[in-house]
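# Observations on the three-dimensional arrangement
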Amino acid sequence: MASHSPKSRFSLLSHNELETVLKWRNKPHIRQNMHHQDTITWTQHSQWYEALTNDDSRLFFVFYQNDRPIGVLNFSQYPSVPDTFEWGCYIGEDNAWPGSGLLLEIAALQFALEIESANALYAEVLSFNKSVIKLHTLFQYMPLEDGPSFVRDGEEHCVKRFKYNREQWQHNKAIVLNRLPKQICAAARNIEFEV
């Protein structure tokens, strides 16, 4: 894959992308990091999409990299806190540009805290998902009290919770971006959202 910085476009999920997103949602490496691991049927997926299109509190973007769909970025209004967005994401395709996970982190912060001017961005990560926890730490998310414990494959885990305030991002953005490789910073300037 080319090493030059890609263009990242986030487009609201349409009916045309449903099969692709279902394929991604059912990949084992994606399901293992979700709260619910069961394989998703086409009927369940269609019902989920129908509910999504009728819910103004949620946004579901397909992540296009140089016009190739590679993953998703989604937001929902955090229950009981109107100016806070909760977010999630995943890369569904192999051989995405190196650093695509970092671009998802940047895009989430930019969309929620800059474009939408939310007061805070909230994230939950299952405790065994060490790579995402490491990314949140790199970006200087504030860790919150752990969520509920659960048992998976005979081992106890918990839900790690994180928060990022808008003022914190305004203060940290340049510092965080300056720590990243120059190619990531260049790619961060090529992020756009189609809402």
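All residue numbers refer to position in the chain's written sequence, counted from 1. At least 70 in pLDDT is required for a residue's local features to be given in this predicted model, at least 80 for side-chain atom pairs to be given and counted, and no such filter applies to totals for whole chains, interfaces and linings, which use all residues. Excluding hydrogens and water, the side-chain values take into account all heavy atoms of the structure.

Their axes nearest at 11 Å, the elements helix α1 (residues 18–25) and helix α3 (residues 42–53) cross at an angle of 115°. The chirality of how α1 crosses α3 is right-handed. Residue-level contacts link Leu18, Glu19, Val21, Leu22 and Arg25 of α1 to Trp42, His45, Trp48 and Tyr49 of α3. Between N-to-C directions, angles cover 0 to 180 degrees, with each direction set by a line fitted to C-alpha atoms, over the stretch in contact for helices. Numbered from the N terminus, helices here are DSSP runs of H or I no shorter than four residues, and strands are runs of E no shorter than two. By convention the crossing between two helices is left-handed if the near helix lies anticlockwise of the far one by an angle smaller than a right angle, and right-handed if it lies clockwise. Contacts are assigned to residue pairs with any non-hydrogen atoms lying within 4.5 Å of each other.

Note on placement: Ser57 falls in the loop between α3 and β2 (58–65). Residues Ser57 and Ser149, 92 residues apart in the sequence, show an inter-C-alpha distance of 27 Å. Discounting residues that sit within four places of it in the chain, Ser57 has contacts with Phe75, Ser76 and Gln77. Any pair of N or O atoms that falls within 3.5 Å is considered a polar contact. Within protein, one atom must be able to donate a hydrogen and the other to accept it, and sequence-neighbouring residues count only if both atoms are side-chain atoms. In this structure the side chain of Ser57 is engaged in a polar contact, spanning 2.5 Å, whose partner is the side chain of Asp55.

A few words on helix α6 (residues 166–179). In this model α6 runs 20 Å from its N-terminal to its C-terminal C-alpha over 14 residues, within 8% of the 20 Å that 1.5 Å per residue would give. One fitted axis covers the seven residues ending at a residue, a second covers the seven starting there, and the bend at that residue is the angle between these axes. When the local axis directions of α6 are compared, the greatest deviation, roughly 50°, occurs at Asn172. Listing the buried residues of α6 in full gives Arg166, Gln168, Trp169, Asn172, Val176 and Leu177. Looking at the buried residues of α6, the elements they touch are α4 (100–115), α5 (130–138), β6 (142–143), β8 (155–165) and α7 (182–188). To estimate how far a helix should extend, the number of its residues minus one is multiplied by 1.5 Å. Note on exposure labels: buried denotes an accessible area under 20% of the residue type's maximum, exposed denotes more than 50%, and partly exposed covers the range between, all computed with a 1.4 Å probe on protein chains only.

One covalent bond between the sulfur atoms of two cysteine residues makes up a disulfide. Whenever a pair of cysteine sulfur atoms sits within 2.5 Å, that pair is classed as a disulfide. Scanning the entire structure with this criterion turns up 0 disulfides. Among the cysteines around Cys89, which has no disulfide bond, Cys185 carries the closest sulfur, lying 19 Å off. According to the relative accessible area criterion, Cys89 is partly exposed, its value standing at 32%. Judged by relative accessible area, Cys185 falls into the buried class, the value being 17%.

Side-chain rings of Phe, Tyr and Trp (the six-membered ring for Trp) are treated as a pair once their centres are within 6.5 Å; stacked means planes under 30 degrees apart, edge-to-face means over 60, and tilted covers the remaining angles. If you walk through the whole model with that rule in mind, you get 13 aromatic pairs. Consider the rings of Phe75 and Phe85, whose centres lie 6.1 Å apart with planes at 55°: the pair is tilted. Taken together, the residues Phe75 in strand β3 (residues 68–77) and Phe85 in strand β4 (residues 84–91) connect sequence positions 10 residues apart. Neither residue differs from the other here; Phe75 and Phe85 are each classed as buried. For the pair Tyr141 and Tyr164, a centre-to-centre distance of 4.8 Å together with 85° between the ring planes defines the contact as edge-to-face. Of this pair, Tyr141 sits in the loop between α5 and β6 while Tyr164 is found in strand β8, placing the two residues 23 residues apart along the sequence. These aromatic residues form a ring-pair network of at least three members: Phe10, Phe61, Phe63, Phe75, Phe85, Phe111 and Phe193. The lysine or arginine in question, Arg9, covers the ring of Tyr64, its NZ or CZ lying 4.2 Å from the ring centre. We call a charge positioned over a ring when the NZ of a Lys or the CZ of an Arg lies within 6 Å of the ring centre and within 35 degrees of the ring normal.

Time to look at unusual backbone geometry. For Asp67, which is not glycine, the phi torsion reads 70° and is therefore positive. Within the secondary structure layout, Asp67 lies in the loop between β2 and β3. Here Asp67 falls in the exposed class, since its relative accessible area comes to 59%. In the Ramachandran plot, Gln140 falls in the positive-phi region, its phi being about 70° despite a non-glycine side chain.

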